[in-house]
Amino acid sequence: MTVVKGLAIVGAGVSGLASIWCCLEEELEPTCFERSNDVGGLWQFSDNEEEGRASIYQSVFINSSKEMMCFPDFPYPDDYPNYMHKSKLQEYIKTFAQKKNLLRYIQFETLVTSIKKCLSFLVTGQWEIVLEKDGKQESTIFDAVMICSGHHVYLNLPTDSFPGLDQFQGHYLHSRDYKGPEVFKGKRAVTGLGNSGCDIAVELSHLATQVIISTRNGSWVMNQIWDDGYPWDVVYVTHFAFFLRTLPSSVSDWLYVKEMSTWFKHENYGLMPLNALRKEPVLNDELPSHILCGTVFIKPSVKEFTETSAMFEDGTMFEAIDVVIFATGYGYAYPFLDDSIIKSRNNEVTLFKGIFPLLMEKPTLAVIDFVRSLGAAILTADLQTHWTVKVFANSCTLPTTNEMMDDIDEKMGKKLKWFSQSQTLQTDYITYMDELGSFTGAKTNIPWLFLTDPQLALEVYFGPCSPYQFDWDQESGMGPGKWDGARNAILTQWERTGKPTRTRAEHVSGCESLLLIQTQYWRAVFPNQDSAGSMAKCSVDSSDLEYLSQLEI
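Below: a short report on this structure.

One non-glycine residue, Glu109, adopts positive backbone phi at about 50°. Tracing the backbone through its elements, the reader meets Glu109 in the loop between strand 3 (106-108) and strand 4 (111-117). In this structure Glu109 comes out as partly exposed when scored by relative accessible area, which is 45%. The phi dihedral of Ala320 falls on the positive side, at around 55°, and the residue is not glycine.

Within the element layout of this structure, Ser205 appears in the loop between helix 4 (195-204) and strand 10 (210-214). Owing to a relative accessible area of 10%, Ser205 belongs among the buried residues under this scheme. Once you skip the residues sitting within four places of it in the chain, Ser205 turns out to touch Val211, His290, Thr295 and Val296.

Before going further, it helps to spend a moment on the sheet that holds strand 16 (residues 317-318). Hydrogen bonding along the main chain pairs the strands of a sheet, whether they run parallel or antiparallel. Overall, antiparallel pairing links the three strands, which are arranged 14-15-16 in an open sheet. The open sheet has two edge strands, strand 14 (302-305) and strand 16, and neither has a second partner. Taken together, the three bridges between strand 14 and strand 15 (residues 310-312) define a ladder with antiparallel strand orientation. By the bridge assignment, Glu304 is partnered in strand 15 with Met311.

Turning next to helix 10 (residues 377-392). Compared with the 22 Å implied by 1.5 Å per residue over 16 residues, the 22 Å span of helix 10 between its first and last C-alpha is a close match. When you tally the buried positions in helix 10, you get 13 out of 16 residues, the bulk of the element. Residue Asn394 follows helix 10 closely and has a positive phi angle near 65°.

A surface patch of nonpolar side chains, amounting to about 220 Å² of accessible area, comprises Leu155, Leu157 and Tyr172. Relative to the elements of secondary structure, Tyr172 occurs in strand 8 (residues 171-174).

Most of strand 2 (residues 29-34) is tucked away: five of the six residues are buried. Pairing of strand 1 (residues 6-10) with strand 2 involves five bridges; the strand directions are parallel. Counted as the bridge partner of Gly6 is Glu29 from strand 2. For the segment spanning strand 1, helix 1 (residues 14-25) and strand 2, crossover handedness is right-handed. Across three bridges, the pairing between strand 2 and strand 3 is parallel. By the bridge assignment for strand 3, Glu34 is matched with Phe108. The handedness of the strand 2 to strand 3 crossover, carried by helix 2 (residues 86-99), is right-handed.

Okay, the pattern of salt bridges next. Tallying each qualifying case throughout the model produces twelve salt bridges. Here Asp38 and Lys94 are joined by a salt bridge, their closest N and O atoms 3.2 Å apart. Here Asp38 is found in the loop between strand 2 and helix 2, whereas its partner Lys94 is found in helix 2, with 56 residues between them in sequence. Measuring nitrogen to oxygen at the nearest pair gives 3.1 Å for the salt bridge that ties Asp407 to Lys353. Of this pair, Asp407 sits in helix 11 (residues 401-418) while Lys353 sits in the loop between strand 20 (351-352) and strand 21 (356-357), and the two are 54 residues apart along the sequence. Here Asp407 falls in the buried class, since its relative accessible area comes to 16%. Each of the salt bridges in this network shares a partner with another, and the network as a whole consists of Lys353, Asp407 and Glu435.

The rules we used
- Residues numbered from 1 in each chain as written.
- Predicted model: local features only at pLDDT ≥ 70, side-chain atom pairs only at ≥ 80, totals over all residues.
- Heavy atoms only, no water.
- Helix = DSSP H or I, 4+ residues; strand = E, 2+ residues; numbered from the N terminus.
- Buried < 20%, exposed > 50% of the residue type's maximum accessible area, 1.4 Å probe, protein only.
- Contact = heavy atoms within 4.5 Å.
- Pairing = 2+ DSSP bridges.
- Expected span 1.5 Å × (residues − 1).
- Patch = residues over 30% accessible without salt bridge, like charges linked within 9 Å, V, L, I, M, F, W, Y side chains within 5 Å.
- Areas by Shrake-Rupley, 256 points an atom, 1.4 Å probe, with all protein chains shown as cover.
- Salt bridge = Lys/Arg side-chain N within 4 Å of Asp/Glu carboxyl O.
- Right-handed = clockwise from strand over helix to strand, strands pointing away.

Right under this line is the structure:
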């Protein structure tokens, strides 16, 4: 049995900080190496692009709400907006690092240049890591490694896929290099379809002469404000909604399309996704209105470029194009690591549960936050690191290589059906969170919860699948985690969601208060029904009132 004590962590973003904290909980000795001078990773903004570092634009707001985008035992301040500007999220990340006393374990301005197996790896499972600081290199041995450098670093810029681009006289760039719209004032621009591409297109349309979004396969477009004005994920990312998606495909597919089409008819906007029904949607509240206003045009894939124009697959041409912004995503490169370690089949990155390489004699290396899911990244990283550290500490064991490969093949078949070939790193959020939670005992036993704490069970099952569900206090008997504030956080998450927008005091009458209680009860039992219309047709008896009086509104 390999004994792990000293552990190296590459990167001090969200995943790196979660890794440090989990190591400390398991009494391991983490050392984190961060090439920049601060924590935050992707969310640490810089006006200039830096090689080997993620980069975002000035106007970025998160598209996961604050109740879903937090560490399980560390809620945001009540007055933080639900959708935060990147600066607010960076502030939160720094506060987490300070409050948890994690900074002492981080070596800043230190570059990891190489990670190799030690000669004694078959026996010890150890790794030799070469570090560079102030122009000097040194080598250090560690018992295990967690790679937390993210996948928004090495851009995918497929210039060879666009004939004539080498003759194009305008300017082209990747969305990673975009910082703001000012330099594009009065220009005619072409960009891609995706969260970044749509954000950029909408922002450019206020200053540019014309903006064209080019898309090969289309996409669902969701608004971030859902039922009753709540953030999309507190309404959509629930265990009940997940149950509906597990119904027979003829039913679940119909429900999914119906839900995605509630806002507008995608066919009328040239956005209807092709081939992949469950393709990851784009979250953008403004795109449809800009298409309606004619400031943004949707076109198919670019067939070829000329010196000044773009020809599209439908035969149309747009003249006098000034700039092309490629929103073509990122590659998954780890230049400090030999490809053979994480690529084991058809030169593809093959990781068990998106974390552990397959062909490893000793499971002492893990890649954190590699997979993508339609949900918040912080909880994903937190649950991944909890399981990883337990594997390192020999508290959990991995299956055999053949069993892991069979699992990967089974999951890949489902992903190809639901998403697309280009999104095989995509996974269903709740499925993946529950799976990771089951490995460490953090998954909620909902049937048992209905028997022991029905009030909480209703909120857990019908309410948002928030991070607090994975960190209840086990000593008090309330759950498998360690935070005694988790139960209250779950029961008050709707109140915290509404607080930032309730900035004008309003008087609520006793009759209105009863209606609010009735409405919450109705939504808990029949979450997809129109409560306002249905409540007029129902009554509440004395037993209901006794139960309702115990609810926290």
